[in-house]
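Examining the three-dimensional arrangement
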Amino acid sequence: MQGVFSSSIASIAAVPFFGLYLVIASRYIARIGWVLLFFSLAIALLALADGIRAGIFVEAAGRVVFLSALLTAVAFLRIAATQDPIVEVAGEFLTLQPPTRRYASLGAGGHLFGVLLNLGGLGVMLEIIMKGLAAHRHEMDEFVFQARKRRMVSACMRGFSSIAFWTPFGIALNLMILTIPGLEWTTLAPYGIALAGILFLLGWLFDTVEWWRPPSARGRAPALTGDLPDWSRWAVLIVSGHVLFLGAAVVTLDRLTQYSFQTVLITIVPIYALLWSVMRSGSGSLAGISRRFVTQAPGFATEMSVIASAGFIGLVALEVAPVEWIADHLGWMAARPVTTVVLLIMTVFLTGLLGVHPMISVVLLAEVVNRVGVEGLSPLALGLALAGGWSSIICMGPAITAVVYASSIVGERPLTIGLRWNGIFGVASILLITLIVGGGVAAGWF
C-alpha cells in the first residue's frame, strides 16, 4: 500500500493504534489539527453516505499509515539531531552572523535545518533566534528589537519554505511522488534545488532593499554576540554532511534494491538516527533515544493530525467531489499545458491563503489533471507546478501549519508573520515561479 505497506490488512490494523495515539495526546493538538480531524470525519461520513467503495478507505488507511510512519521516522532523526551539541552550535553560528551575512546565514539555516528536521528544524532555528535576541534585549530599543526580529524570522521562514521543492525527507515531495504517476525524486530534485536557489536570491534581494539604511543610521543596533567554540564554523559543515550523506544513502539504496523510494526512506532514516546517537554517545544511548521518543511523542500530535488528516482528505475527497464533472468541464485544458501549469500554481497558492492545506489541494489538482490528460504536460512539470504553489504559500498563509507554529515561538500573530512580514515576498515568489515553470513548459524544458 502506497509502495510501502503491501498488505491492506496491515494498513487497516495500524489505523486504530494511530487513533489511540491521537486520543492519548489530544491535549497537545493545536486548533488547526482539530479542524482537519473534524473535517476528515465529515468527509468520511459523506463518503459513506454516497456508498463509496471500501477500497478507497483501505487506500486512504495506507496513506495515513505511510505519512504517520514517515513522521515517526523523522522524529527519531529530530531527537538524535537536537541531542547533538554540534547542531545547536551550528544554529547559533548561523544566527550570530553580522548583518551583511545575516540573511544568507539564516535563510540557509532555515533551509538546512528544515531539510534535516522538517517542521522541527524550523522550530529549532526560531528558538535559537529568539534566545539570541532575548540575551541582547537590553541593548536595543523597541524599534531595533522589532525590526531585527522581523528580519531574522522572515529570513529563516523563507529559507524553510523552499524545502518543498526537493527534500526527500519531507511530506511535500513524498506526497507528490505518491500522487503523480511517473514522478521520481531523482528527476525532480535538480530542478527543485535550482528553483530553491532562485527563491533564495529573491529573498536576499527583498531583504537588502527593505532593510537598506543610510550610513548615518548604521551602528544603531549592536551586533549579536555569543560564546561559541573555535570549531563552530565546522559545525555547519558537519550538519550539511549529515543531510548529504543520508540523502545519498536513501537514493543509492533506492537504485540498488527492488524496494520503493518510500520504503527505503522510512527504513533508513530511523536507522541512521540510531547510528548517529550511538556514534555520539555510545551504545547506551539507544535506550535513551527510545525514552526521549516516548516522552516527546505527544508533542508531535499536531503535526501527525495535520499531515494524516490532509492525506486522508485529499484521497477520500476525490470520491465525494465531482471530479469527473470538473474534468469534463476542463477538457479545454487538455491541449493547453502552459495554461494548466499557471492555473495549478495559482490555485494551490490562493486556496492556501484561504486556509486549505497544500496537501489537500495538491492531491485533488493532481487527480483532476490525471483524469483530464493534458497533452505535453510531463510528470516533472506537474510536480514543479504543485511544489511551486506549495513553497510560496508556506511562509505566507496565516492558517498554514508552519506560520501558526512560528507564531507560537515568536510571539506574533500568524497574520503578522504571514501577510505583513512575508506577503510581498510570497506574491513575488509565486509570480516568478509561474514565469519560470510556465516558460519552461512552453520552451519544452520540462
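That block above? That's the structure.
The present account deals with the structure reproduced in this document. (Residues numbered from 1 in each chain as written. Predicted model: local features only at pLDDT ≥ 70, side-chain atom pairs only at ≥ 80, totals over all residues. Heavy atoms only, no water.)

Turning to the packing of aromatic side chains, a few remarks are in order. Across all of its chains, the model carries 7 aromatic pairs by this definition. Taken together, a centroid distance of 5.9 Å and an interplanar angle of 50 degrees make the contact between Tyr103 and Phe200 tilted. Of this pair, Tyr103 sits in helix H5 (residues 99-117) while Phe200 sits in helix H9 (residues 185-210), and the two are 97 residues apart along the sequence. Where Phe206 meets Phe425, the ring centres are 6.2 Å apart and the plane angle is 85 degrees; that geometry is what we call edge-to-face. Linking Phe206 in helix H9 with Phe425 in helix H20 (residues 423-443), this pair joins segments that are 219 residues apart in sequence. By the ring-pair criterion, three or more aromatic residues cluster together here, those being Phe245, Tyr272 and Trp276. (Phe/Tyr/Trp six-rings, centres within 6.5 Å; stacked < 30°, edge-to-face > 60°. Helix = DSSP H or I, 4+ residues; strand = E, 2+ residues; numbered from the N terminus.)

Looking now at the nonpolar core. Of all hydrophobic cores here, the largest spans 151 residues; its most connected members are Phe113 and Leu386. Looking at this core, the element that brings in the most residues is helix H3 (residues 54-82), giving 15 residues. If sequence neighbours within four positions are ignored, Phe113 has contacts with Val87, Ala90, Gly91, Leu94, Asn118, Gly121, Val124 and Met125. (Core = buried A, V, L, I, M, F, W, Y, C linked by side-chain atoms within 4.5 Å. Buried < 20%, exposed > 50% of the residue type's maximum accessible area, 1.4 Å probe, protein only. Contact = heavy atoms within 4.5 Å.)

All right, on to H9 then. Counted at 1.5 Å a residue, the expected span for H9 with its 26 residues is 38 Å, and the 36 Å between its end C-alpha atoms agrees. Among all positions in H9, only Trp185, Leu188, Ala189, Gly192, Leu195, Ala196, Leu199, Leu202, Gly203 and Asp207 are buried. (Expected span 1.5 Å × (residues − 1).)

Between its first and last C-alpha atoms H3 spans 42 Å; for 29 residues at 1.5 Å apiece the expected length is 42 Å, and the two agree. Within H3, 22 of the 29 residues are buried, which leaves it mostly tucked inside the rest of the structure.

In this fold, Val87 is placed in helix H4 (residues 85-95). Classification of Val87 as buried rests on a relative accessible area of 3%. Note: C-alpha distance between Val87 and Gly33 (54 residues apart in sequence) is 29 Å. Here Val87 is in contact with Ala81, Phe113, Val239 and Trp276, once residues within four sequence places are set aside.

Relative to the helices and strands, Ser162 resides in the loop between helix H7 (142-161) and helix H8 (171-179). In this view, Ser162 contacts His111, Ala196 and Ser391; residues no more than four positions away in its chain are not counted.

With that settled, the discussion passes to the pattern of salt bridges. In a structure, side chains of opposite charge can pair up when their charged atoms sit close to one another. Going through the model one piece at a time under the given rule, you end up with 4 salt bridges. The residue Glu412 makes a salt bridge to Lys149 at a minimum N-O spacing of 2.9 Å. Of this pair, Glu412 sits in the loop between helix H18 (401-410) and helix H19 (414-421) while Lys149 sits in helix H7, placing them 263 residues apart in sequence. Judged on exposure class, the residue Glu412 and its partner Lys149 are both buried. Linking Asp207 and Arg151 is a salt bridge whose minimum nitrogen-to-oxygen distance equals 2.9 Å. You can see Asp207 sitting in helix H9 and its partner Arg151 sitting in helix H7, a full 56 residues away along the chain. The residues Asp207 and Arg151 share a single accessibility class, namely buried. (Salt bridge = Lys/Arg side-chain N within 4 Å of Asp/Glu carboxyl O.)

What follows concerns a nonpolar patch on the surface. Taken together, the side chains of Trp34, Phe38, Leu41, Leu45 and Leu48 make up a nonpolar region of the molecular surface, amounting to roughly 530 Å² of accessible area. Tracing the chain through its elements places Leu45 in helix H2 (residues 31-49). (Patch = residues over 30% accessible without salt bridge, like charges linked within 9 Å, V, L, I, M, F, W, Y side chains within 5 Å. Areas by Shrake-Rupley, 256 points an atom, 1.4 Å probe, with all protein chains shown as cover.)

This brings us to the environment of Thr187. Counting through the fold element by element, Thr187 comes out in helix H9. For the pair Thr187 and Met140, spaced 47 residues apart in sequence, the C-alpha to C-alpha distance is 48 Å.

Looking at where Glu184 falls in the secondary structure, it is placed in the loop between H8 and H9. With 222 residues separating them in the primary sequence, Glu184 and Ala406 have C-alpha atoms 31 Å apart.

Quick look at the state of the cysteines now. One pass over the full model with this rule turns up 0 disulfides. Take Cys156: it sits in no disulfide, and the sulfur closest to it among the cysteines is that of Cys395, at 11 Å. Taking relative accessible area as the criterion, Cys156 reaches 0% and is therefore assigned buried. The class for Cys395 is buried, based on a relative accessible area of 1%. (Disulfide = S-S within 2.5 Å.)

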